[in-house]
Amino acid sequence: LYSSIYYKSWAAEEYYKVGDFGAQAKTLKEIGWVYTTQFKYSKGMEVLLKAQKLYELHNGDSSDIALLNKGIGNLYNFQGDFIKSRIYYEKSFNYFIKKGCSEGLASSYNVLAIQAYDEGNFKEEYALTEKAFECIKTLDKNEAYIRLALNMGNIYSRHGEYERALKHYDIALK
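Right, let's walk through the structure included here. Everything quoted here is computed from the prediction, not taken from an experiment.

### Things to note about the layout of surface pockets
- Space inside the largest pocket adds up to approximately 170 Å³.
- Contributing to the lining of the largest pocket are 13 residues, with Lys70, Glu103, Ala106, Ser107 and Arg147 lying nearest its centre.
- With 7 residues, the top contributor of residues to the lining of the largest pocket is helix H6 (residues 103-118).

If you want it as structure tokens, here you go:
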């Protein structure tokens, strides 16, 4: 853990010295994820927000920022701050919706669905997961398709619609 952070921090400083802000931001993002995997959410958040600012200053509107916003949303969600997590999820979603159906858009629908579940809004959870599932069905992304089929099955199962749940579990299994 600490050697990873040490060497990544050193690399981030070197990228700063040579003016490679994209690589510096990417390295900071990696440091933030290391802290997050160790449940050091405050420190992880601090580093991820620095990475976000660098991306925004030097990359403008990009998928890197959108993915980072989704990750920051996840971190807020882990901490139970559903207001801030929704803000970041929606920032990510707003980027991907402009680009049309993609794995990023399907993932954005999915995290917003999880957010809706956490907020107790089961109709929104279902609608968003269905949109994610319909989008991902059009792409050649097998792992994401399986994950979303399982999510749909879980939603149906939680609501006692076991036949529909089994249908989606069967889709994932195949």
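### Some details on the nonpolar core
- One finds Leu105, Ala106, Tyr109 and Leu148 to be the most contacted residues of the largest nonpolar core, which totals 23 residues.
- Counting residues per element, the ones that place at least two in this core are helix H5 (82-99), H6, helix H7 (122-137), helix H8 (142-158) and helix H9 (162-173).
- By residue number, the principal contributor to this core is H6, which donates 6 residues.

### Some words on unusual backbone geometry
- With a phi close to 65°, phenylalanine 39 is a non-glycine residue in the positive phi region.
- In this structure, phenylalanine 39 sits in the loop between helix H2 (21-37) and helix H3 (41-59).
- Phenylalanine 39 gets classed as exposed once you look at its relative accessible area, which sits at 63%.

What counts and what doesn't
Along each chain, the written sequence defines residue order, and numbers are assigned to residues from 1. In keeping with the model being predicted, local features are shown solely for residues with a pLDDT of at least 70 and side-chain atom pairs are shown and tallied solely at 80 or more, while totals for entire chains, interfaces and linings include all residues. Side-chain metrics rest on all non-hydrogen atoms present in the structure, leaving aside hydrogens and water. Using protein atoms alone on a 1 Å grid, points that fit a 1.4 Å probe yet trap it form a cavity, whereas open point sets bounded by protein on both sides within 12 Å along at least five of seven lines form a pocket; residues with an atom within 4 Å of a point count as lining. Grid points are joined across faces, edges and corners, and a volume is the space filled by probe spheres set on the points. Counting from the N terminus, the helices are DSSP H or I runs at least four residues long and the strands are E runs at least two residues long. Note on terminology: a nonpolar core comprises buried Ala, Val, Leu, Ile, Met, Phe, Trp, Tyr and Cys residues joined through side-chain atoms within 4.5 Å. Summary of the burial criterion: residues with accessible area below 20% of their type's maximum are buried, those above 50% are exposed, and those between are partly exposed, where the area comes from a 1.4 Å probe applied to protein chains only.

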